[in-house]
There are 2 protein chains.
Amino acid sequence: MKQIEGGVTAATGFEAAGIEAGVKYQNRKDMAIVYSTVPCKAAGTFTTNVVKAAPVQWDKDIVENSDFVQAVIVNTGIANAGTGKQGLEYCKQEAAKAANLLGIPEKAVFVGSTGVIGKQLPIDRILAGIEKLVVAKDHSIQAGKDAATAIMTTDTVTKEIAVEIEISGKKVIVGGMSKGSGMIHPNMCTMLAYITSDICISKELLQEALSTSIIDTFNMISVDGDTSTNDTCLLMANGMANNPEITEKGAEYEQFCKALNVVNTYLARKMAGDGEGACALFETTVYNAATKQDARILAKSVIGSNLTKAAIYGHDANWGRILCALGYAGVTFDPENVDIFVQSKAGQLQLCKNGVENVYSEEEAAKILSESEVTVLVDMKMGSETATAWGCDLTYDYIKINADYRS
Amino acid sequence: MKQIEGGVTAATGFEAAGIEAGVKYQNRKDMAIVYSTVPCKAAGTFTTNVVKAAPVQWDKDIVENSDFVQAVIVNTGIANAGTGKQGLEYCKQEAAKAANLLGIPEKAVFVGSTGVIGKQLPIDRILAGIEKLVVAKDHSIQAGKDAATAIMTTDTVTKEIAVEIEISGKKVIVGGMSKGSGMIHPNMCTMLAYITSDICISKELLQEALSTSIIDTFNMISVDGDTSTNDTCLLMANGMANNPEITEKGAEYEQFCKALNVVNTYLARKMAGDGEGACALFETTVYNAATKQDARILAKSVIGSNLTKAAIYGHDANWGRILCALGYAGVTFDPENVDIFVQSKAGQLQLCKNGVENVYSEEEAAKILSESEVTVLVDMKMGSETATAWGCDLTYDYIKINADYRS
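Residues numbered from 1 in each chain as written. Chains lettered and ligands numbered in written order. Predicted model: local features only at pLDDT ≥ 70, side-chain atom pairs only at ≥ 80, totals over all residues. Heavy atoms only, no water.

Observations concerning the overall build of chain A
Then, number 1: Scanning chain A from N- to C-terminus turns up eleven helices and 15 strands.
Then, number 2: Scaling as 2.2 N^0.38, a compact globule of 407 residues should have a C-alpha radius of gyration of about 22 Å, and chain A matches this with 21 Å.
Then, number 3: Dimensions of chain A, computed from the C-alpha atoms along their principal axes, are close to 70 × 55 × 35 Å.
Then, number 4: Scored against the burial criterion, the 407 residues of chain A give a buried share of 63%.
Then, number 5: Summarising the internal contacts of chain A: among those between residues at least 6 apart in sequence, 81% fall at separations of at least 24.
Then, number 6: With an accessible surface of roughly 13600 Å², chain A has 48% of that area assigned to carbon and sulfur atoms.
Then, number 7: Charged side chains in chain A number 36 positive and 49 negative. The centres of these two groups are separated by 4 Å. (Helix = DSSP H or I, 4+ residues; strand = E, 2+ residues; numbered from the N terminus. Rg over C-alpha atoms; globule rule 2.2 N^0.38 Å. Buried < 20%, exposed > 50% of the residue type's maximum accessible area, 1.4 Å probe, protein only. Contact = heavy atoms within 4.5 Å. Areas by Shrake-Rupley, 256 points an atom, 1.4 Å probe, with all protein chains shown as cover. Lys, Arg positive; Asp, Glu negative; His and termini not counted. Charge placed at Lys NZ, Arg CZ, Asp CG, Glu CD.)

Written out as structure tokens, the structure reads:
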């Protein structure tokens, strides 16, 4: 497997564009298209929030009922959530417009929205935007980057990646882009992530590969504990790599899963590190938990603790807050067995040994915690299962961004 | 029932003191005693965190196994959590010292600690502090206030209250004090709360009254979602009101429960409103939920949402975040039935009607949200159950306090 340049347009047959439609703000790209020149199989995972945005409802129906898809239209600025029947009607109008221009069925067009909840889309500007997108789309790396830029809200960097593998002698590419900076605590998958591949694979296995992959990637990140109404992860495969169709699990399927996992892990980490206001990516790996699920729950509890996140921001080796967050996670363990370490490229240090303080230099700890990527390692000594979760520090800028996001 | 002056010393036979022991900081009261001149029955509820501070373990044992108690010794600055066997040994030394000076059994002395996790108590200063406390204690209102001051950490105001009721022709007083500003998300009861009463009641009913009361009082507040290792709520009753002992449920028991509920609700609200860095008490009442438990979960989800809390700080009527927080609470409901209102002494305004935006003035909403006590009202239209939860806004000062709490 090797990483290659690009994102959603890296795989054969995929095109994209990002344009200015003036949905909510001026002078920024705010609409994107991803398009495949041939029909794709599609898989998707969506928010578990009871309040599901209109586009989530629209896309879910397509994943479950359409034979193929060929395009995704995304806008930022307004989430089209809390918009009732009118919101769903707008999804249909978007899809119909794109379908008409592209000469494909309405139910082959995914739509996605992110931004403020509770406002209706400015449908005229959206439809005009679709016209521009269809003209602008192409297969270039820059087009993929434009799309990744257009779907950003409070993100500070674009998030895209592509990897190349070889399956049955054929070159296969998996690429993706995502956005997500606040209201990030995915419980099915994350805010918006679009993965494309030219692999030839059955729809069933495509969905299984995605559903499995998100458990330890997108579902292991949290910026603020708020599970969005819009979380959507879509995976489209157009078969243009011309490998023999994968219809059974085996070496080829595993290769694809590994590549998908690399893409999803990269995008998930990138989202966590670019959490609203974040100065640092805050990673936690829990070792030797009794079960895999325990390991996941414990790791997520640590990266989700406001107090721990504030301590990371302050470069303060406050391991008591980490122990406390493990303790309220809902998992049974013996506190007097727990070891806690901090680690970054500046070094590694043990803060807690068997549940009590280990002698360490506060100065050295602060140095380790001053890096832009900080890891907490926890040894539970309860079993042999491991999991990693990703979050970010809690900063003044998080408050600044969210105290007047709508203004 | 009427509210009267004072807190833990309001009931007959209770004394208290707060003194400077130099546990961690200088020039502040940091140790307190609450003492009954006669033996008391005691009830207690404690943190559900797997990591339990040494004093929690000590006190739990007393509630379960001692026939009576007579004193509580509390220090602030260091939590005596994550301190292993040494921490428990220090609890025993504290209790033994107080017992010796007061002429009561060691197992009649509760101990409590709050502050930094993972550091050992400076036991010599603690023991010297106990000597001062025993000398200083008296029945005055000021002594109760001194104790309430001494248990504060990042609190900005003391929290105490007393109410008077009449039971079987006798005057009965219930008073209490509490502290708690950060690491507040009680899941059994809150950080530290000490309630005293001169009521005469059986130990079983005393515990039942407390266990029932905390469900809709202390367990309905959250400052930051972090369930502490030290949460402790103790209720001591010394019988000096001379009412006939309450040994069965009935009108007298109900009267006492009501008074206890007023005390606990007051202390819980006060703790939420004085959350670390808070500018406003943020109350949420959910009406017409399908079950009482649903109502509680929904109300707590709203006051626990970082995004909503930041919006409250920004006086931003971002009802979409409220709807979103209801949606991920884990309760099933129809989003298209939900009504959302904001309310304060500046007025009331409906923001959301049947899941979509209601027409309202942003200016008026901002005015309502600018008050120091802000309420969100949610009508679920699913049943007839109601619950209220209390939190606070998320501010720059929360970050400031917690980025370098230990320094």
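Now, onward.
Brief notes about the layout of surface pockets
Then, number 1: By volume, the second largest pocket amounts to about 240 Å³.
Then, number 2: Along the wall of the second largest pocket there are 18 residues; nearest its centre are P335 and E336 of chain A together with K52, Q57 and G84 of chain B.
Then, number 3: Among the secondary structure elements, those contributing two or more residues to the lining of the second largest pocket are α1 (54-65) and α2 (84-102) of chain B.
Then, number 4: Counted by class, the lining of the second largest pocket contains seven nonpolar, seven polar and four charged residues. (1 Å grid on protein atoms, 1.4 Å probe; cavity = no way out; pocket = protein on both sides within 12 Å on 5 of 7 lines; lining within 4 Å. Points joined across faces, edges and corners; volume = space filled by probe spheres on them. Nonpolar A, V, L, I, M, F, W, Y, C, P; charged D, E, K, R; others polar.)

Some words on the relation of the copies chain B and chain A
Then, number 1: Placing chain B over chain A gives an RMSD of 0.0 Å and needs a rotation angle of 180°, together with 0.0 Å of translation along the axis. The transformation just described matches what one would write down for a two-fold rotation axis. Considering only C-alpha atoms, the residue of chain B closest to the rotation axis is Y396 of chain B, which sits at 2.7 Å.
Then, number 2: Take the interface residues of chain B: 100% of them recur as interface residues in chain A, which is what a same-surface contact looks like. (Least-squares fit on C-alpha atoms with pLDDT ≥ 70 in both.)

Looking at the sheet that holds strand β14 (residues 373-379) of chain A
Residues and elements named next belong to chain A.
Then, number 1: Sheet architecture is open: six strands sit in the order β13-β12-β11-β14-β10-β15, paired in mixed fashion. Looking at the sheet topology across the chains shown, the edges are occupied by β13 (356-357) and β15 (385-392).
Then, number 2: Its contacts with the sheet place helix α10 (residues 362-369) against β11 (339-344), β12 (347-353) and β14, and it is angled at close to 125° to β12. (Pairing = 2+ DSSP bridges. Axes fitted to C-alpha atoms, helices over the stretch in contact; angles between N-to-C directions.)

Some details on helix α1 (residues 54-65) of chain A
All names here are of chain A.
Then, number 1: Taking 1.5 Å as the rise per residue, α1 with twelve residues should run 16 Å; its terminal C-alpha atoms sit 17 Å apart, in good agreement.
Then, number 2: Every buried residue of α1 is accounted for by A54, P55, V56, W58, D59, I62 and V63.
Then, number 3: Against β3 (31-46), β4 (69-78), α2 (84-102), β5 (109-116), α5 (203-215) and β9 (232-237) lie the buried residues of α1. (Expected span 1.5 Å × (residues − 1).)

Quick word on the confidence of the model for chain A
Residues and elements named next belong to chain A.
Then, number 1: In this model, chain A carries a mean pLDDT of 91, and residues with pLDDT of at least 70 account for 96%.
Then, number 2: Looking across chain A, the model is least confident in helix α11 (residues 396-403), with a mean pLDDT of 84, and most confident in helix α3 (residues 123-136), with 98.
Then, number 3: The ipTM for the predicted assembly is 0.81, set against a pTM of 0.83. (pLDDT = per-residue confidence, 0-100.)

Side note on the packing of helix α8 (residues 306-313) of chain A against helix α11 (residues 396-403) of chain B
Then, number 1: At their nearest, the axes of α8 of chain A and α11 of chain B sit 8 Å apart, and the two run at 70° to each other. The pairing of α8 of chain A with α11 of chain B is recorded here as roughly perpendicular in orientation. In this structure, α8 of chain A contributes N306, L307, A310, A311 and Y313 of chain A to the contact, and α11 of chain B contributes Y398, I399, N402 and A403 of chain B.
Then, number 2: When grouped by side-chain class, the residues that make up the contact of α8 of chain A with α11 of chain B number seven nonpolar, two polar and no charged. (Parallel < 35°, antiparallel > 145°, perpendicular 65-115°, else oblique.)

Some words on the interface of chain B and chain A
Then, number 1: Of the residues lining the interface, 56 residues belong to chain B; the matching set on chain A comes to 56 residues.
Then, number 2: Across the interface of chain B and chain A, roughly 4500 Å² is buried in total on both sides, 57% from carbon and sulfur atoms.
Then, number 3: Viewed at the interface, chain A and chain B are joined by four salt bridges.
Then, number 4: K85 of chain B is paired through a salt bridge with E336 of chain A; the nearest N and O atoms lie 3.4 Å apart.
Then, number 5: Between chain B and chain A we count 13 residue pairs in polar contact (both at pLDDT 80 or more) in total.
Then, number 6: Elements that contribute at least two residues to the side of chain B that touches chain A include exactly α2, α8 (306-313), α9 (319-327), β13 (356-357) and α11 of chain B. (Buried area = accessible area lost by both parts, 1.4 Å probe. Salt bridge = Lys/Arg side-chain N within 4 Å of Asp/Glu carboxyl O. Polar contact = N/O pair within 3.5 Å; in protein donor to acceptor, adjacent residues only side chain to side chain.)

Some thoughts on the nonpolar core
Then, number 1: Formed by 133 residues in total, the largest nonpolar core has its most connected members in M31, F110 and Y194 of chain A together with I201 and F256 of chain B.
Then, number 2: Looking at this core element by element, the count peaks at ten residues for helix α6 (residues 251-273) of chain B.
Then, number 3: Setting aside chain neighbours within four positions, we find Y194 of chain A in contact with V8, V72, V74, G112, I151, G175, G176, M177 and L234 of chain A.
Then, number 4: Counting residues in hydrophobic clusters, the runner-up holds 70 residues, among them V263, A268, I340 and V374 of chain A. (Core = buried A, V, L, I, M, F, W, Y, C linked by side-chain atoms within 4.5 Å.)

A look at the state of the cysteines
Then, number 1: All told, the structure shown has zero disulfides over all chains when counted by the stated rule.
Then, number 2: Not engaged in a disulfide, the cysteine C200 of chain A finds its nearest cysteine sulfur in C40 of chain A; these two sulfurs lie 11 Å apart.
Then, number 3: Relative accessible area serves as the criterion here: at 17%, C200 of chain A is assigned to the buried category.
Then, number 4: Take C324 of chain B: it sits in no disulfide, and the sulfur closest to it among the cysteines is that of C352 of chain B, at 13 Å. (Disulfide = S-S within 2.5 Å.)

Quick notes on the pairing of strand β14 (residues 373-379) of chain B
All names here are of chain B.
Then, number 1: Here β14 lies mainly inside the structure; six of its seven residues are buried.
Then, number 2: Where strand β10 (residues 281-289) lies against β14, seven bridges are found, and the strand directions are parallel. Bridging across to β14, T284 finds its partner in V376.
Then, number 3: Bridge count between strand β11 (residues 339-344) and β14: five bridges; the pairing is antiparallel. The partner of F341 across the bridge, within β14, is L377.

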